[in-house]
Amino acid sequence: MDLITGLSAAQQAIGIVKSLRDIERDLDSATYKAQMAELYSGLADVKMALTDAQTQLHEKDQAIRLLEETIKALKTGEACPMCQEGQMKLFSAKPHPEFGVFGHEERKFKCTNSECDHTAVRKYVPGE
Ligand SMILES: [Zn+2]
């Protein structure tokens, strides 16, 4: 269930509450009971939509964090220490052989100058 459906369910539930206020306070009234059932159902829909929205936001946060880390890694282009012409660009990344379980990576950087091809291997620690 998406947020729009949830919001319209909330709107509907509010409408039911308003109409309940107008009904005479006869608790045996069939109309009253029907409206209450509809209200409970509407609120259940709202709860489900909000739970789904929370999950979706959490997934989006994770995706954004991953993209930010990727952008940061791609932007760490620095001048090649060998030729001083090319940039050291991320070439490959794999889990670190010893510290991979902690999210550490072994990243290989390669000079963009085709006449140089200098490579460097660095340990990457997330958040550093
Ligand atoms: Zn170079």
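This text follows the structure it describes.
Calculation criteria
Position numbers for residues start from 1 in each chain and track the written sequence from start to end. Whole-chain, interface and lining totals are the exception, using all residues; otherwise, since this is a predicted model, local features are given only for residues with pLDDT of at least 70 and side-chain atom pairs are given and counted only at 80 or more. Helix numbers and strand numbers start at the N terminus; a helix is a DSSP run of H or I with at least 4 residues, a strand a run of E with at least 2. In this description the radius of gyration comes from C-alpha coordinates, and the expected globular size is given by 2.2 Å times residues to the power 0.38. We call two residues in contact whenever the C-beta atoms placed from their backbones are within 7 Å. By definition, two strands form a pair when at least two bridges between them are found by DSSP.

Draft legend 1. The arrangement of the overall build of the protein chain in detail. Of regular secondary structure, the protein chain possesses two helices and four strands. Mapped from its N terminus to its C terminus, the protein chain presents α and β elements in the order α-α-β-β-β-β. Taking 14 Å as the expected radius of gyration for a compact globule of 128 residues, we find that the protein chain reaches 29 Å, considerably beyond that expectation. Each principal axis of the C-alpha distribution contributes one length, and for the protein chain these read about 90 × 30 × 20 Å. Sequence-distant contacts, at least 24 apart, represent 43% of the contacts inside the protein chain between residues at least 6 apart.

Draft legend 2. Fine view of the environment of Gln35. Positionally, Gln35 belongs in helix H2 (residues 30–75). With 22 residues separating them in the primary sequence, Gln35 and Ala13 have C-alpha atoms 9.5 Å apart. Non-local contacts of Gln35, meaning those with residues more than four positions away in its chain, are made with Ile16, Ser19 and Leu20.

Draft legend 3. Inspection of unusual backbone geometry at higher detail. One non-glycine residue, Gln84, lies in the positive phi region at around 65 degrees. With respect to the secondary-structure elements, Gln84 resides in the loop between strand S1 (78–79) and strand S2 (87–95). The backbone of Asp117 sits at a positive phi, close to 60 degrees, despite the residue not being glycine.

Draft legend 4. Geometry of the environment of Ala79. Counting through the fold element by element, Ala79 comes out in strand S1. C-alpha separation for the pair Ala79 and Leu20, spaced 59 residues apart in sequence, amounts to 72 Å.

Draft legend 5. Layout of the environment of Asn113. Here Asn113 lies in the loop between strand S3 (105–111) and strand S4 (119–124). Separated by 27 residues in sequence, Asn113 and Gly86 have C-alpha atoms that sit 4.6 Å apart. Once you skip the residues sitting within four places of it in the chain, Asn113 turns out to touch Cys80, Cys83, Glu85 and Gly86.

Draft legend 6. Highlighting the sheet that holds S4. Within the open sheet, the four strands sit side by side as S1-S2-S3-S4. Their pairing is antiparallel. The strands lining the two open edges of the sheet, one partner per strand, are S1 and S4. Sheet topology note: the S3/S4 ladder contains six bridges and is antiparallel. Bridge pairing in S4 places Lys108 opposite Val121.

Draft legend 7. View of the pairing of S2. Here S1 pairs with S2 via two bridges, running antiparallel. Opposite Ala79, over in S2, you have Gln87 as the bridge partner. When S2 meets S3, the two strands line up antiparallel, connected through seven bridges. Bridge pairing in S3 links Lys89 to Lys110.

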